[in-house]
Amino acid sequence: MNYKKTLLSIIYIYYLELIYHLFIFKSFTLKGFLFLTLFTILFGIFNDLITSLFNKKVNKWLFITINVFLNILFIAQIVNFKFYGNIISIYSVVHGGQVFGFMGAIISVILKNIPSILLLLIPAILLLIFNKYIEADESNYKNTLIKTLVFIGLFTICTLTLNIDKKDIYSAKNLYYYKHAPNQSAKTFGILTTMRIDLERIIHFEEKTMDIINDGTSEEEKPAVKNIEYNKEDIDFAALAESETNEEIKNIHLYMNNQEATEKNKYTGMFEGKNLIAITAEAFSPLAVDKELTPTLYKLVHEGFNFTNMYSPIYYVSTSDGEYVTLTSLLPKESVWSFYKSRNNYLPYVYGNAFKKLGYAAYAFHDGQYKYYDRNLSHPNMGYTYMACGNGLQKLMNCKKWPQSDLEMINATFDMYSSHEQFMVYYMTISGHLEYNFMGNNMSYKNKDAVKDLPYSEAIKAYIAAQIELDKALEELLNKLEEKGILDDTVIVLSADHYPYGLTTSQMKEIMNIEDEKFDVHKNNLIIYNSKLTKTVEVDKLGESLDILPTVLNLFGINYDSRILMGTDLLSDNDGLVIFNDRSWITEKGKYNAATKKFTSYTDDIDDNYVESINQIVYNKYVISKNILDTDYYRKLFNKES
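So, here is what we can say about the structure in this document.

A short note on the sheet that holds strand β8 (residues 523-524)
Within a beta sheet, neighbouring strands are joined by backbone hydrogen bonds and run either parallel or antiparallel to one another. Taken in spatial order, the three strands of this open sheet run β8-β3-β11, and their pairing is mixed. Edge strands, defined here as strands with exactly one partner in the open sheet, are β8 and β11 (543-544). Examined bridge by bridge, strand β3 (residues 310-311) and β11 share two bridges and lie parallel to one another. The residue bridging Y311 from the neighbouring strand is E544, located in β11.

Details of the sheet that holds strand β9 (residues 527-529)
In space, the eight strands of this open sheet follow the order β5-β4-β6-β1-β7-β9-β2-β10, with mixed pairing throughout. At either margin of the open sheet sits one strand with a lone partner, and together these are β5 (385-389) and β10 (537-539). The mean inter-strand angle of the sheet, taken between neighbouring strand axes irrespective of direction, is 15°. Examined bridge by bridge, strand β7 (residues 490-496) and β9 share three bridges and lie antiparallel to one another. Note that in β9 the partner of V493 across the bridge is I528. The sheet contacts of helix α13 (residues 295-302) involve β2 (305-307) and β9, and relative to β9 the element is tilted by about 80°. In the packing of helix α24 (residues 548-555) onto the sheet, the strands contacted are β1 (275-281), β2, β7 and β9, and the crossing angle to β7 comes to about 170°.

A word on the packing of aromatic side chains
Here the structure, examined in full by the defined rule, presents 44 aromatic pairs. Relative to F580, the ring of Y311 has its centre 6.4 Å away and its plane inclined at 85°; by these criteria the two rings are edge-to-face. Taken together, the residues Y311 in strand β3 and F580 in the loop between β12 (577-579) and β13 (585-587) connect sequence positions 269 residues apart. For the pair shown, Y311 and F580 are each scored as buried. Put simply, the rings of Y267, F271, F305, F307, F355, Y360 and F556 touch in pairs and so form one group of aromatic residues. Seen from the ring of Y622, R583 lies directly overhead, with NZ or CZ sitting 4.0 Å from the centre.

A look at the pairing of β1
Consecutive side chains along a regular strand alternate between the two faces of the sheet. Counting buried residues in β1 gives seven out of seven residues, a clear majority hidden from the surface. Side chains N275, I277, I279 and A281 of β1 all project onto a buried face; the interleaved residues L276, A278 and T280 project onto the opposite face, where all are buried too. Alignment of β1 against β7, held across seven bridges, turns out to be parallel. Residue pairing across strands places I279 opposite L494, the latter belonging to β7. Here β1 pairs with strand β6 (residues 423-428) via five bridges, running parallel. Each residue of the ladder has a partner; that of I277, found in β6, is V425.

So, the nonpolar core
Membership of the largest hydrophobic core comes to 95 residues, with the highest contact counts inside it found for Y20, I277, F284, Y417, Y427 and L481. For this core, the element with the highest residue contribution is helix α21 (residues 458-484), accounting for 13 residues. The contact partners of I277, leaving out residues within four places of it in the chain, are Y417, F423, V425, Y427, L477, L481, T490, V491, I492 and V493.

Concerning unusual backbone geometry
Cis geometry marks the peptide bond from W402 to P403, where omega comes out at -15°. Residue placement: P403 occurs in the loop between β5 and α18 (406-417). L434 connects to E435 through a cis peptide bond whose omega is 10°. Turning to its location among the elements, E435 is positioned in the loop between β6 and α19 (442-446). Of note in this structure, R583 is not a glycine but carries a positive phi near 80°. Locating R583 in the fold gives a position in the loop between β12 and β13. Looking at R583, the relative accessible area reads 1%, which means it is buried. Phi is positive for N639, close to 55°, though the residue is something other than glycine. For N639, a relative accessible area of 68% gives the class exposed.

As for the side chain of D321
Mapped onto the elements of the fold, D321 is located in helix α14 (residues 318-328). For the buried D321, no salt bridge is present, and the opposite-charge side chain at shortest range is R375, 10 Å distant. If we skip the residues at most four places from it in the chain, D321 touches Y315, Y316, P332 and S338.

Thoughts on a negative patch on the surface
Where like charges cluster on the molecular surface, the negative patch consists of E538, D540, D573, D575 and E588. By secondary structure assignment, the location of E588 is in the loop between β13 and β14 (590-593). On the basis of relative accessibility, which here comes to 41%, the residue E588 falls in the partly exposed class.

Quick word on the pairing of β6
Most of β6 is tucked away: six of the six residues are buried. Here β6 shows no split at all, with F423, V425 and Y427 on one side and M424, Y426 and M428 on the other all buried. Sheet topology places strand β4 (residues 361-369) next to β6; six bridges connect them, and they run parallel. Each residue of the ladder has a partner; that of F365, found in β6, is Y427.

Some words on the environment of T631
Within the secondary structure, T631 sits in helix α25 (residues 610-631). On the basis of relative accessibility, which here comes to 9%, the residue T631 falls in the buried class. Sequence spacing of T631 and E248 is 383 residues, and the spatial spacing of their C-alpha atoms is 8.0 Å. Filtering out sequence-adjacent residues up to four positions away, T631 remains in contact with E248, I249, I252 and K636.

Side note on the state of the cysteines
Overall, the coordinates contain one disulfide when judged by the stated rule. The partner cysteine of C389 in its disulfide is C399, sulfur to sulfur 2.0 Å. Taking the sign of the torsion about the S-S bond as the criterion, the disulfide between C389 and C399, at about -70°, is left-handed. Here C399 lies in the loop between β5 and α18 and C389 lies in strand β5, a separation of 10 residues in the sequence. C399 shares its class with C389; the two are buried.

Cut-offs used in this document
- Residues numbered from 1 in each chain as written.
- Predicted model: local features only at pLDDT ≥ 70, side-chain atom pairs only at ≥ 80, totals over all residues.
- Heavy atoms only, no water.
- Pairing = 2+ DSSP bridges.
- Helix = DSSP H or I, 4+ residues; strand = E, 2+ residues; numbered from the N terminus.
- Axes fitted to C-alpha atoms, helices over the stretch in contact; angles between N-to-C directions.
- Contact = heavy atoms within 4.5 Å.
- Phe/Tyr/Trp six-rings, centres within 6.5 Å; stacked < 30°, edge-to-face > 60°.
- Buried < 20%, exposed > 50% of the residue type's maximum accessible area, 1.4 Å probe, protein only.
- Lys NZ or Arg CZ within 6 Å of the ring centre and 35° of its normal.
- Core = buried A, V, L, I, M, F, W, Y, C linked by side-chain atoms within 4.5 Å.
- Lys, Arg positive; Asp, Glu negative; His and termini not counted.
- Salt bridge = Lys/Arg side-chain N within 4 Å of Asp/Glu carboxyl O.
- Patch = residues over 30% accessible without salt bridge, like charges linked within 9 Å, V, L, I, M, F, W, Y side chains within 5 Å.
- Areas by Shrake-Rupley, 256 points an atom, 1.4 Å probe, with all protein chains shown as cover.
- Charge placed at Lys NZ, Arg CZ, Asp CG, Glu CD.
- Disulfide = S-S within 2.5 Å.

Spelled out as structure tokens, the structure:
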């Protein structure tokens, strides 16, 4: 039996896992080091086993091929994490093309992470140079049996060892068997085990809430108060749960039964009957808001509703998940494209479907490619007549340059909807897209003169120049609405899909005050504007993209059940909560970094179980969002035919 090859296989994979861990997570816990070591040794033995099943020549080149592929995989995972802040899922690899869809930006990330990439390349280089010294096994029944028994024995040890860490929500045992949180799993077990678990869960995985707890106080527990109205429909979740035979749907019913509906408030119905133009602005951030350079953005941010404590967290599939969270008030499911998966689901409260029920015309426009992220499937399902570059918009504007012009999109589309008595329009912009330079970004180059004298780095100047195109688009939109005589009857809602991750944190610090890099880069603006508002409404409540849909539904007086959305009306008296993709969070009382398990308190008034209780709320919101998506829950809840 060739023990040298076995040892080489273990060391090779262990080295890759350690380099990844040190550059991404930067620290170890004792338990984490133990699990990473055990499960990496397990993979090393498995690698040795499968490269011992054939003749010597095949085994040798299979061993080399697999290990070089692992080098490429780990480099891809590092670049992806540095770019998006998450783990590449098997689903994204299979669907391919759009995770690494912007090679210029990817190359930029690679150049900024040369040390880690070079370190990951070392074993592959050495393997290729010295491959003649590798002695592969000849297929042998006895050796195969021994290696198989060793693998089974170590696998048993690994799974038994999980019992030393089983109490927390994201304990090793929970992550391995019950909880799907890839970032947490990667830190605990390493990349290869995380990807293996991910593959298993694509095939089948049923995840349940921890304890059915409410996000505040259930209505049954609240003292009876006369004349209080709630944003809810006449749904008896307890009765539904009692009669439900499907355990997954029953679990959702039980969860909903314990949620507190938001109270209607003085802003309920404020915009009833008005038109709505909702905009998800590509990579929009406070960096783009300047009184002189982007006066329309400045006006819209500081007039109307001014949300001063707003966040736009980045999730797993970049822009698509940013849209999904904003438009559905559900958290995205890890390891899949949630919008694509929702393409046949019943979504009663998304803008298009909700406003069409009221007789509104509903349109959606995007100045990028119409099939990108399968928007051609997800957006019509939300009730929109959908047009983008490739299914009609290219005939009305220049779709060949990169990125395309938001100003041209407004000019090309305004007449399609503005003559309707009532309309709801959704825009997904693209002018603010990375990369931020004056060579490959047409919008940055177009508006270069406006920023040439700014005392900032080229990347920041190019970013602002790109967002100037969005500002011009909004200025044109306001002018057209006013010329049409419908400005007063139209509400504009604008938010970001994510922060501009094409910029480094140090570049963002040239303008923004960033003290905690993990959280502060996601700080953002939310615009809710109507020209008839004569006084700015300052809203300092903590909020995020998840809260936008229920806030808008309440403002327009649209009947909805706030218990079945994961966000809450920002104008209600419910506590604020911001949730990040690795299960970190912020509340009014403090912030929790899930990667380090460190809680930073803003007050002395903290219960001993406070962190654990918020962790449960965050976890449950992820699970329920996933289960709503997987089961097409709203269709079953409202008895709609497929």
